[in-house]
Amino acid sequence: MLWRLSILALLVPGLFFSTSRLIARNSAIRGYSVHPQQGKTGNLLDIIAGDTRTIIGVALLEKADAYYHGGLVDHGDCSVLTACKDHDHDHEEEQTTRKSPAWRDPLRYLNEQLQAQAHIHLDREGAEEILPWYWAACEASPHNIQAIEAAVYVLANMTEKPQEALTLLEKGIQNNPYNVTLELSRSEILMRHFNDFKKAELAFLAAYEKSLHEKAPNDDLEKAKALFYLGHLAKQRHDLTSLREWQRIARETMSPDLASIRNLLEIKE
Amino acid sequence: MHTLRQISALMRLSLFDLYRRKDLVVVALLTVVLLVPLSFATPFGVKGASRYLNEIALLLVWIFVLAIAMTRTARILPTEIESRTIYPLLSKPASRTVILFGRYAGVLLASLSVLFLFYFLYALINNLKSALFPWEVFAQAFLLHASFIILVTALALLGSLYFNPDANLSVMGILIVSMFLYGQQLPVLASEHALPIRTLIHTFYWFAPHCELFDMRTRLIHHWPAIPWGVCCMIFLYALTYAGLCFGAAAWLFNRKKI
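Predicted model, so just to flag it, every value in this text is computed and none were measured. (Residues numbered from 1 in each chain as written. Chains lettered and ligands numbered in written order. Predicted model: local features only at pLDDT ≥ 70, side-chain atom pairs only at ≥ 80, totals over all residues.)

1. Brief notes about the overall build of chain A
Working step 1: From N to C terminus, chain A includes 12 helices and zero strands.
Working step 2: Each helix and strand of chain A, placed in order from N terminus to C terminus, yields the pattern α-α-α-α-α-α-α-α-α-α-α-α.
Working step 3: Counting the 269 residues in chain A, one finds 37% classified as buried.
Working step 4: Taking all contacts inside chain A whose residues are at least 6 apart in sequence as the whole, residues at least 24 apart take part in 55%. (Helix = DSSP H or I, 4+ residues; strand = E, 2+ residues; numbered from the N terminus. Buried ≥ 20, exposed ≤ 12 C-beta atoms within 10 Å, placed from the backbone. Contact = placed C-beta atoms within 7 Å.)

2. Notes on the overall build of chain B
Working step 1: Helices and strands together make up the secondary structure of chain B, namely 12 helices and zero strands.
Working step 2: Listing every helix and strand of chain B by position from the N terminus yields α-α-α-α-α-α-α-α-α-α-α-α.
Working step 3: For 259 residues, the compact-globule estimate of 2.2 N^0.38 gives 18 Å, and chain B sits close to it at 20 Å.
Working step 4: Principal axes of the C-alpha set define a box for chain B whose edges measure 65 × 55 × 35 Å.
Working step 5: Relative to its full complement of 259 residues, chain B shows a buried share of 34%. (Rg over C-alpha atoms; globule rule 2.2 N^0.38 Å.)

3. Overview of the environment of Phe-163 of chain B
All names here are of chain B.
Working step 1: On the secondary structure map, Phe-163 appears in the loop between helix H7 (135–160) and helix H8 (165–182).
Working step 2: What makes Phe-163 partly exposed here is the crowd of 17 C-beta atoms within 10 Å.
Working step 3: Each C-alpha atom, one on Phe-163 and one on Ala-249, is 15 Å from the other, the two residues being 86 residues apart in sequence.
Working step 4: Leaving out residues up to four positions away in the same chain, Phe-163 has contacts with Asn-168 and Val-171.

4. A closer look at the confidence of the model for chain A
Close reading of the predicted structure is inappropriate where its pLDDT is low.
All names here are of chain A.
Working step 1: Overall, the prediction assigns chain A a mean pLDDT of 77, with 68% of residues at 70 or greater.
Working step 2: Within chain A, helix H7 (residues 162–175) carries the highest mean pLDDT (92), whereas helix H3 (residues 80–85) carries the lowest (58).
Working step 3: For residues 28–39, every residue scores under 50 in pLDDT, and the model assigns this stretch 30 contacts once sequence neighbours within four places are set aside.
Working step 4: In the model, residues 84–97 has pLDDT below 50 throughout and makes 11 contacts with residues more than four positions away in sequence or in other chains. (pLDDT = per-residue confidence, 0-100.)

5. Regarding the nonpolar core
Working step 1: With 62 residues, the main nonpolar core has Val-65, Ile-149, Leu-151, Val-152, Ala-154, Leu-157 and Cys-246 of chain B as its most contacted residues.
Working step 2: Per-element tally for this core: the top contributor is H7 of chain B, with 14 residues.
Working step 3: Those residues within four positions of Val-152 of chain B in sequence are excluded, and the remaining contacts are Leu-66, Ala-69, Met-70 and Ile-176 of chain B.
Working step 4: If you look at the next biggest cluster of nonpolar residues, it comprises 56 residues, including Tyr-67, Phe-204, Leu-230 and Leu-243 of chain A. (Core = buried A, V, L, I, M, F, W, Y, C linked by C-beta atoms within 7 Å.)

6. Structural notes on the domain arrangement of chain A
All names here are of chain A.
Working step 1: With domains assigned, chain A is organised as domain 1 (34–92 + 100–176) and domain 2 (178–269).
Working step 2: Between domain 1 and domain 2, the residue contacts involve 13 residues of the former and 10 residues of the latter.
Working step 3: Put simply, the parts of the chain that give the side of domain 1 that touches domain 2 at least two residues each are helix H6 (145–158) and H7.
Working step 4: With six residues, the top contributor of residues to the side of domain 1 that touches domain 2 is H7. (Domains from an automatic or database assignment.)

7. Focus on the packing of H7 of chain A against helix H8 (residues 180–192) of chain A
Residue and element names in this part refer to chain A.
Working step 1: Remark: H7 packs on H8, axes separated minimally by 10 Å, with the N-to-C direction vectors making an angle of 155 degrees. With respect to H8, the element H7 is oriented roughly antiparallel. The interaxial crossing formed by H7 with H8 has left-handed handedness. In this structure, H7 contributes Pro-162, Ala-165, Leu-166, Leu-169, Gly-172 and Ile-173 to the contact, and H8 contributes Leu-182, Glu-183, Ser-185, Arg-186 and Ile-189.
Working step 2: Tallied by class, the residues present in the contact of H7 with H8 amount to seven nonpolar, two polar and two charged. (Axes fitted to C-alpha atoms, helices over the stretch in contact; angles between N-to-C directions. Parallel < 35°, antiparallel > 145°, perpendicular 65-115°, else oblique. Left-handed = near helix turned anticlockwise from the far one by under 90°. Nonpolar A, V, L, I, M, F, W, Y, C, P; charged D, E, K, R; others polar.)

8. Describing helix H9 (residues 197–213) of chain A
Working step 1: Here H9 of chain A contains 17 residues, and its C-alpha end-to-end distance of 25 Å stays within 8% of the 24 Å for a straight helix at 1.5 Å per residue.
Working step 2: Taken as a whole, H9 of chain A has its buried residues at Ala-200, Glu-201, Ala-203, Phe-204, Ala-207, Tyr-208, Lys-210 and Ser-211 of chain A. (Expected span 1.5 Å × (residues − 1).)

9. Points about the interface of chain A and chain B
Working step 1: Taken together, the contacts link 21 residues of chain A with 22 residues of chain B.
Working step 2: Going through the elements one at a time, helix H4 (106–115), helix H5 (131–140) and H7 of chain A are the ones with two or more residues in the side of chain A that touches chain B.
Working step 3: Tallying contributions element by element places H4 of chain A first for the side of chain A that touches chain B, with six residues.
Working step 4: Across the side of chain A that touches chain B, the residue classes tally to 10 nonpolar, six polar and five charged.

10. Observations regarding the packing of H6 of chain A against H8 of chain A
All names here are of chain A.
Working step 1: Look at H6 against H8: their axes get within 10 Å of each other, and the N-to-C directions meet at 10 degrees. Taken together, the axes of H6 and H8 lie roughly parallel to each other. Contacts from Ile-145, Ile-148, Glu-149, Val-152 and Ala-156 of H6 reach H8 at Thr-181, Leu-182, Ser-185 and Ile-189.
Working step 2: Tallied by class, residues from the contact of H6 with H8 come to six nonpolar, two polar and one charged.

11. Here we look at unusual backbone geometry
Working step 1: Notably, Asn-195 of chain A is not glycine yet its phi reads approximately 55 degrees, a positive angle.
Working step 2: Looking at the secondary structure, you find Asn-195 of chain A in the loop between H8 and H9.

12. Observations concerning the environment of Asn-126 of chain B
Residues and elements named next belong to chain B.
Working step 1: Along the chain, Asn-126 falls in helix H6 (residues 96–129).
Working step 2: Of the residues examined, Asn-126 has 18 C-beta atoms within 10 Å and is grouped as partly exposed.
Working step 3: For the pair Asn-126 and Ser-50, spaced 76 residues apart in sequence, the C-alpha separation works out to 9.3 Å.
Working step 4: Apart from residues no more than four positions distant in its own chain, Asn-126 is found in contact with Asn-54 and Phe-133.

13. Some remarks on the environment of Thr-97 of chain B
Residues and elements named next belong to chain B.
Working step 1: Looking at where Thr-97 falls in the secondary structure, it is placed in helix H6.
Working step 2: Under the C-beta neighbour-count criterion, Thr-97 is labelled partly exposed, with 16 such atoms within 10 Å.
Working step 3: On a C-alpha basis, the gap between Thr-97 and Trp-252 in space is 8.2 Å, while along the polypeptide they are 155 residues apart.
Working step 4: Those residues in contact with Thr-97, other than ones at most four positions away along the chain, are Ala-251 and Asn-255.

Structure, rendered in structure tokens:
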């Protein structure tokens, strides 16, 4: 009886361990670097805790977004990244429009009075208030690309800490070796904040190579972006052979409808 | 006058009981242990963030004060009955309603004193750190938090006449947390269901304690402007009415209870 139990005690954890290793290895080989259950080490604990960490990471990211909107939880799809890249800051004056008459539902009326607040964005001076939540989100879920991207944006552009942003990106790339977005962000930081075009070009090249294997839906956009910058940097150092080569690759493999590809093809020698 | 003296004697008993048991010391130490390391944290090497610390501090204040108020109230009557200390009280020339009110007011006063202490420390630390402390919002937050404590203690008192202390704490805990999270979603939930269930959810919406109305943490942390004082008073009156109804029901039950 005892030896049967001993075998079972050895067999079950062994089976769990080998299965977890197999899942982690296969998902890494196939390039699913954002798989929530893929831990850094590929061990059983990482796999079991993977989803929990992802959920906590998402919750912390939402908290950070609320802080960016001055505590407002219901702010639609507007976030640090979308607010600053896709639309301007002209909705500071917007008021919540869900007011209901007091006589109809006094409880709702009281709650609306409590929650009423204009849609605002934190400015550069208050940007440091968001960072603890981004830090917690990145620590809780190292595969949460959105959290890393948002934290990098705030660090580099709102608090003028590009070195910290670069460190975070490098840690993020280490945890998500197949992710193109992070590699592109790193290249941009190197180019815009450090003026290190040599390293930036290498990073864009790495991003392009990763984008060839990436199966994410926005891979074409990222590949196009990487190609554009590679062509642009080649032109900057008067390497016309490389520029022509990148333009040829873009013409043959990419759709000309993409803005980055159009811009690349329009670069004159 | 005689009744007032009886009530004040009973209140003093509850107040001394709280401070004698050192619950407050444990809670205060726990808060310090949790907050001091956090206050030294510099995420990404950036200093100056304080709102997250305020948020965690206020969350702890809410949890600890609620825990103290609920556990105290839920154990007033069952403990007295179990240890038979209720008999000397009942033998006094005081009505059962006066005894119940005195004990309830004592626990309420003890809980409010804890609340006051925590808010005083919060204001002191924040005022030292920043010159721009939103005093009006702070006063409203304190008033609404005190209203919340008045409401939940009355609710727990009523519950203590139905359930044993542990069951009472569990039921009230679930009710309070659920109302905090989903209180305002109930009409939406009701509209998604057919008639008998819709009426049931609507009835629950109108009669359940709306704890979410007392939470002004976001306003305080993010320096939102104060709410109109009329709204603040309406919420305070809501809490008083609800607590009054709960106490009335509890007194009615206690007067009929065979001890």
